[in-house]
Amino acid sequence: MKIISKIKYFFDIFNILIPSVTPKELIFFVTARCNAHCAHCLYKKQVDDQTRTSQELNLEEIEKIAQSYGRLIKLSISGGEPFIRNDLPEIIKIFNKYSQPNIVDIPTNGSLPKIIEKSVKEILRITNIPIIEIQLSIDGPKGIFEKISGIADHYDKIIETYQLLDAIRQKDERLKIKMNFTYVPENKQYVEPLVHQMNREYKFDRLQITFPHGHHIRNTVINKLFYQEFYTLSKKINMEVAPPNLWDFHSLIFRAIKMLRDDFLLKTMTHGNMGRFCGAGKKIVVIDDIANVYPCEVLWQSIGNLRKHNYNIKTILKGEKYQSFKKKYLGKNKCNCSWGNIALDAIIYNPLYWPKVIFNTFKIFFFHASKKNKT
């Protein structure tokens with residue numbers, strides 16, 4: 001990122017404090033098509049529905065949505081497997097034109113190396129978005145991971161994808177590569193050694209673990225996990241895993257924020273009171289591949305379909321269904337979950353947390369700078 005882009009990136013972040021009908025973070029599920037079969041997937045019901053493909057939003061419809069949406073700080077592209085859509089660069093170009101996001105985050109199962117390489121190159125070529133983050137996921141050692149995902153040679157394909165992306169990153173520092181490990185009952189004892197292995201062998205801008213969320217997996221996955229164990233491990237990883245570039249303040253700041261997120265989630269999950277802080281529909285909103293709008297990707301309660309509202313999300317967010325949702329779920333002792341995005345937003349949107357974020361950022365920086373000097 002050139003110096004002018006860096007300055008613009010940091011100053012634009014203050015847009016989060018400007019009131020807006022539309023949330024500054026949008027999660028857009030661009031497709032339900034996927035070549036993996038993960039049981040813990042929060043979009044599993046939609047992925048298993050073979051009728052959805054013919055109903056997928058097209059580029060013309062997506063442009064109408066972006067035109068009326070307004071300013072974004074972060075656009076998260078999700079699925080299914082987002083890179084299955086061969087028009088993914090055009091989708092991001094549309095939002096770049098109308099919503100000017102600072103960050104575009106794309107989680108991928110990483111099983112389509114050449115397709116991902118081509119698409120990422122094109123996204124970087126046709127947009128001027130300051131940060132493009134590609135999030136890969138390995139959910140365990142090779143055999144366990146491939147059993148979870150159902151994709152043959154999945155582990156090797158992800159490593160190939162990383163290597164192709166790393167070559168692009170060396171030419172364009174707007175590209176960031178993350179590695180995520182979803183903490184599930186099948187892999188929790190393998191997560192820590194795998195994180196350290198990845199840290200030794202590759203240069204990920206961030207390595208992180210995430211706690212699963214989703215109403216439909218509460219009994220089969222979430223209730224089999226102990227959040228305190230996850231919290232301890234996640235905090236340790238965020239502090240101790242060496243960053244490849246100490247001067248990459250975007251990655252350092254988000255690592256610092258995630259340390260606070262872990263504290264925040266531990267408190268809210270212990271006291272059962274996430275609803276008091278939840279910004280579902282206010283700070284973050286979800287659009288699925290067939291134009292339904294959701295305040296929350298844990299509950300999956302639609303508050304309207306964009307095709308029935310002239311593709312204008314503002315009319316939906318001002319409507320009665322969202323008001324009913326807020327009354328039922330947002331507020332003290334009304335709802336509780338482990339959705340990390342909500343906890344992150346509760347920190348990012350509250351300036352009272354910013355001194356702690358800055359403190360954690362410098363804490364991480366000097367911790368690793370001193371280790372580097374000793375070696």
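Above: the structure in question.
Residues numbered from 1 in each chain as written. Predicted model: local features only at pLDDT ≥ 70, side-chain atom pairs only at ≥ 80, totals over all residues. Heavy atoms only, no water.

**Q** When you look at the overall build of the protein chain in this model, what are you seeing that I'm missing?
**A** Scanning the protein chain for helices and strands turns up 14 helices and nine strands. A compact globule built from 375 residues would reach a C-alpha radius of gyration of about 21 Å, and the protein chain, at 20 Å, matches this within 12%. In terms of overall dimensions, the protein chain has C-alpha extents of about 60 × 45 × 45 Å along its principal axes. Looking at the protein chain as a whole, 58% of its 375 residues qualify as buried. If you take every contact in the protein chain between residues at least 6 apart in sequence, the share linking residues at least 24 apart comes to 78%. Counting every atom, the protein chain has about 16,900 Å² of accessible surface; 55% of that belongs to carbon and sulfur. Averaging the locations of the 56 positively and 37 negatively charged side chains of the protein chain gives two centres separated by 7 Å. (Helix = DSSP H or I, 4+ residues; strand = E, 2+ residues; numbered from the N terminus. Rg over C-alpha atoms; globule rule 2.2 N^0.38 Å. Buried < 20%, exposed > 50% of the residue type's maximum accessible area, 1.4 Å probe, protein only. Contact = heavy atoms within 4.5 Å. Areas by Shrake-Rupley, 256 points an atom, 1.4 Å probe, with all protein chains shown as cover. Lys, Arg positive; Asp, Glu negative; His and termini not counted. Charge placed at Lys NZ, Arg CZ, Asp CG, Glu CD.)

**Q** Explain the packing of aromatic side chains to me, please; I cannot follow it from the model alone.
**A** Going through the model one piece at a time under the given rule, you end up with 20 aromatic pairs. The interplanar angle of 50° and the centroid separation of 5.5 Å between the aromatic rings of Tyr43 and Trp300 together place this pair among those described as tilted. Linking Tyr43 in the loop between β1 (25–29) and α2 (44–47) with Trp300 in the loop between β8 (292–294) and β9 (304–305), this pair joins segments that are 257 residues apart in sequence. The pair formed by Tyr43 and Trp300 is uniform in burial state, with each residue classed as buried. (Phe/Tyr/Trp six-rings, centres within 6.5 Å; stacked < 30°, edge-to-face > 60°.)

**Q** Can you help me understand the packing of helix α10 (residues 249–271) against helix α14 (residues 354–374) in this one?
**A** Running from amino to carboxyl end, α10 crosses α14 at an angle of 115°, the nearest separation of the two axes being 8 Å. Seen from above, α10 lies across α14 with right-handed handedness. Between α10, through Phe249, Leu252, Ile253, Arg255, Ala256, Ile257, Met259 and Leu260, and α14, the contact on the second element is made entirely by Lys356, Val357, Asn360, Thr361, Ile364, Phe365 and His368. Class assignment for the residues of the contact of α10 with α14 results in 10 nonpolar, three polar and two charged. (Axes fitted to C-alpha atoms, helices over the stretch in contact; angles between N-to-C directions. Left-handed = near helix turned anticlockwise from the far one by under 90°. Nonpolar A, V, L, I, M, F, W, Y, C, P; charged D, E, K, R; others polar.)

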